[in-house]
Amino acid sequence: MSDIQVLTVDNEPLMLQALRIIIDAAPGFSLMGEATNGIEAVNFCAGNSPDVILMDMQMPRMNGVEATEIITTSYPDISVLAITAFSSEEFLVPALRAGAAGYIIKDSEPKEILDAIRAVFDGSAAISPSVSQDLIKAIREAHETKSSVPEGMTRIPLSERELQILRLLARGMNNPEIALEMHVAETTVKAHLGRVMAKFGVRDRVQTLIRAAQFGLVELHMD
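Criteria and cut-off values
- Residues numbered from 1 in each chain as written.
- Predicted model: local features only at pLDDT ≥ 70, side-chain atom pairs only at ≥ 80, totals over all residues.
- Heavy atoms only, no water.
- Buried < 20%, exposed > 50% of the residue type's maximum accessible area, 1.4 Å probe, protein only.
- Helix = DSSP H or I, 4+ residues; strand = E, 2+ residues; numbered from the N terminus.
- Arc of directions from axis to C-beta.
- Contact = heavy atoms within 4.5 Å.
- 1 Å grid on protein atoms, 1.4 Å probe; cavity = no way out; pocket = protein on both sides within 12 Å on 5 of 7 lines; lining within 4 Å.
- Points joined across faces, edges and corners; volume = space filled by probe spheres on them.
- Nonpolar A, V, L, I, M, F, W, Y, C, P; charged D, E, K, R; others polar.

A. Up close: helix α2 (residues 38–47). Within α2, burial applies to Gly38, Ala41, Val42, Phe44 and Cys45. One face of α2 carries all of its buried residues, which in axial projection span an arc of 160 degrees. Turned more than 90 degrees off the buried face of α2, the exposed positions are Asn43, Ala46 and Gly47. Elements that come into contact with the buried residues of α2 comprise β1 (4–9), β2 (29–35), β3 (52–55) and α3 (64–74).

As structure tokens, then:
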């Protein structure tokens with residue numbers, strides 16, 4: 001299996017150096033390039049195809065949210081993992097809505113960063129535990145605020161099995177846990193989730209959950 005090719009984007013040289021050390025020392029990962037702002041990141045993707053981008057949110061010239069939206073729209077095979085010093089909704093919600101597949105904070109342990117990179121590469125969501133409650137709160141607000149439904153969007157019919165998977169997803173279960181709960185193969189869960197994503201017009205589990213909340217299809221609880 002080839003290494004996961006990573007692009008790091010941050011305007012702080014020390015952060016780029018720290019990420020370089022983490023990635024270079026980890027088997028199965030390769031640092032493809034570095035950028036110091038969103039414009040450089042977008043330009044890099046025009047001529048290269050990283051698997052995962054570690055994207056800072058606060059940068060000069062073009063911030064991480066703007067760059068994430070451009071990249072995920074223009075290059076859907078590239079996964080963006082937001083990495084920032086802040087765990088507040090100020091950056092969390094815009095980053096996820098822009099298409100980021102995950103959101104972690106900069107003081108995460110090296111293993112957590114590598115696990116998050118692999119998770120988004122594999123098509124799963126990666127959210128730091130410290131921001132998971134912010135995510136739940138944001139999705140609840142999307143469910144409770146009718147104006148959060150994009151203009152012109154109509155409710156999309158789902159099968160009972162697809163609805164069941166969404167509800168288990170909203171409880172924080174991963175694919176193996178959902179498969180165990182439903183007594184089906186994990187590949188079956190992936191296939192159903194893939195169809196839901198296609199119907200919703202989204203590309204990852206986080207966006208799927210946000211869209212399901214917008215439609216009022218899931219109930220979320222703060223623990």
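B. Representation of the layout of surface pockets. The volume enclosed by the second largest pocket comes to roughly 190 Å³. For the second largest pocket, the full set of lining residues is Glu69, Thr72, Thr73, Arg97, Ala98, Gly99, Gly201, Val202, Arg203, Gln207 and Arg211. Of all elements in the fold, only α3 and α10 (205–214) reach the threshold of two or more residues within the lining of the second largest pocket. Ranked by the residues each element gives to the lining of the second largest pocket, the list is headed by α3, at three residues. Looking at the lining of the second largest pocket, its residues break down into two nonpolar, five polar and four charged.

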